[in-house]
Amino acid sequence: MARIPYPDLAKSSPEVREMLGRLPAPANIFNMMAHAETVLKPVMKLGGTLLGKLKLDPRLRELCLLHAVKLEGGDYEWVQHVPIALDLGATQDQIDALAKGDDKAACFSALEKAALRFTREVVVDARASE
């Protein structure tokens, strides 16, 4: 539940309405950022780059993102990104394993296990092992 009211997007600038209109689905996090229009554009540009322009395989990116979110307790991001991961080919078994914190489950390939281990080390220990 939001602690401050969401802005009236009908009163937002045309640029803000256009940016928010490009989202595949409404996202309250971006709607709230419309309170600070100077922040919205750079954050959306960063998000677009992370979600669409990385060389990292998108499915692997989502598995690692979900793992990091579960380790840190980010329920909002979890709910937002599970459907994305599934759309990109992640399996329900993989989602369930990550929900339990099991990054070594048999449903993950060796590459996925390595990436998930790296994610755990960076999130939990703030550095990756050799």
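Above this text sits the structure in question.
Everything numeric in this text was worked out from a predicted model, so none of it was measured.

Parameters and conventions
- Residues numbered from 1 in each chain as written.
- Predicted model: local features only at pLDDT ≥ 70, side-chain atom pairs only at ≥ 80, totals over all residues.
- Heavy atoms only, no water.
- Salt bridge = Lys/Arg side-chain N within 4 Å of Asp/Glu carboxyl O.
- Helix = DSSP H or I, 4+ residues; strand = E, 2+ residues; numbered from the N terminus.
- Buried < 20%, exposed > 50% of the residue type's maximum accessible area, 1.4 Å probe, protein only.
- Expected span 1.5 Å × (residues − 1).
- Contact = heavy atoms within 4.5 Å.
- Polar contact = N/O pair within 3.5 Å; in protein donor to acceptor, adjacent residues only side chain to side chain.
- Axes fitted to C-alpha atoms, helices over the stretch in contact; angles between N-to-C directions.
- Parallel < 35°, antiparallel > 145°, perpendicular 65-115°, else oblique.
- Left-handed = near helix turned anticlockwise from the far one by under 90°.

> Hey, could you go over the pattern of salt bridges for me, with residue numbers and the actual values?
As enumerated under the stated definition, the model contains six salt bridges in all. Note that Lys41 is salt-bridged to Glu15, the shortest N-O span being 3.3 Å. Highlighted residues: Lys41 in helix α3 (residues 37-52) and Glu15 in helix α1 (residues 14-21), separated in sequence by 26 residues. Given a relative accessible area of 47%, Lys41 falls into the partly exposed group. Exposure remark for Glu15: the relative accessible area of 43% places this residue in the partly exposed category. For the salt bridge of Glu18 with Arg22, the shortest nitrogen-to-oxygen distance reads 2.8 Å. Taking the relative accessible area as the measure of exposure, Glu18 reaches 42% and is therefore partly exposed.

> Could you give an account of helix α4 (residues 58-72), naming the residues involved and the relevant values?
In this model, α4 (15 residues) spans 21 Å end to end at C-alpha, consistent with the 21 Å of a helix rising 1.5 Å per residue. Within α4 the residues assigned to the buried category are Leu60, Arg61, Glu62, Leu63, Cys64, Leu66, His67 and Val69. If you follow the buried residues of α4, they end up packed against α3, α5 (75-87), α6 (92-99) and α7 (110-125). The opening residue of α4, the one whose side-chain oxygen lies 3.2 Å from the backbone nitrogen of Arg59, is Asp57. Positive backbone phi, approximately 80 degrees, marks Gly73, located one or two places after α4.

> Just give me the short version of the packing of α4 against α5, but keep the residues and values in it.
One way to put it is that α4 packs onto α5 with a least axis distance of 10 Å and a crossing angle of 160 degrees. The orientation of α4 relative to α5 falls into the category roughly antiparallel. In this structure, α4 meets α5 at a crossing whose hand is left-handed. Where α4 approaches α5, its residues Arg61, Glu62, Leu65, Leu66, Val69 and Lys70 are matched on the opposing element by Glu77, Trp78, His81, Val82, Ile84 and Ala85.

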